[in-house]
Amino acid sequence: MISLLILFGVLGGIGALSIVVLLRRGGGRADTVEGMLQEQEALRRAKADRVSFGLGAHNSLPTASDGYVRRNGRR
């Protein structure tokens, strides 16, 4: 019985510690202008990749209209 109480106590302590760590960490968003611009660019690229590499593109050969080719400026 005591070992079961110790087990639950240890699990509760680990849970409480993880909650404290996550709350102290904060949002993690960028505060500088450069960071915000990098986040916007990454979101734009992710959106373009989701559109151009959808379900229909998984089994097809790469073409000149792929997002990777456009993004690197090669045609």
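Counting starts from 1 at the beginning of each chain's written sequence and moves along it residue by residue. Reporting in this predicted model follows two pLDDT cut-offs: at least 70 for local features of residues, and 80 or more for side-chain atom pairs to be given and counted; totals over whole chains, interfaces and linings ignore these cut-offs and use all residues. The basis for the side-chain values is all heavy atoms of the structure; hydrogens and waters are excluded.

### Overview of the overall build of the protein chain
So, step 1. A run of H or I in DSSP becomes a helix once it reaches four residues, and a run of E becomes a strand once it reaches two; helices and strands are each numbered from the N terminus. Scanning the protein chain for helices and strands turns up 3 helices and 0 strands.
So, step 2. Along the protein chain, helices (α) and strands (β) appear in the sequence α-α-α when read from the amino end.
So, step 3. Out of the 75 residues in the protein chain, the part that is buried amounts to 5%. Three exposure classes are used, based on accessible area relative to the maximum for each residue type with a 1.4 Å probe and protein chains only: buried under 20%, partly exposed in between, and exposed over 50%.

### Structural notes on the pattern of salt bridges
So, step 1. In the sections that follow, a salt bridge refers to a side-chain nitrogen of Lys or Arg positioned within 4 Å of a carboxyl oxygen of Asp or Glu. By the definition in use, this model includes 2 salt bridges.
So, step 2. The closest approach of N and O atoms between Glu 41 and Arg 44, which form a salt bridge, is 2.6 Å. Of this pair, Glu 41 and Arg 44 both sit in helix H2 (residues 33–52), 3 residues apart, which is roughly one turn of the helix.
So, step 3. On the basis of relative accessibility, which here comes to 31%, the residue Glu 41 falls in the partly exposed class.
So, step 4. A salt bridge links Glu 41 to Arg 45, with the nearest nitrogen and oxygen atoms 3.2 Å apart. With Glu 41 and Arg 45 both in helix H2, this residue pair falls 4 residues apart, about one helical turn.
So, step 5. Overall, Arg 45 belongs to the partly exposed group, its relative accessible area being 38%.
So, step 6. Ionic contacts of the salt-bridge type, sharing partners, join the residues Glu 41, Arg 44 and Arg 45 into one network.

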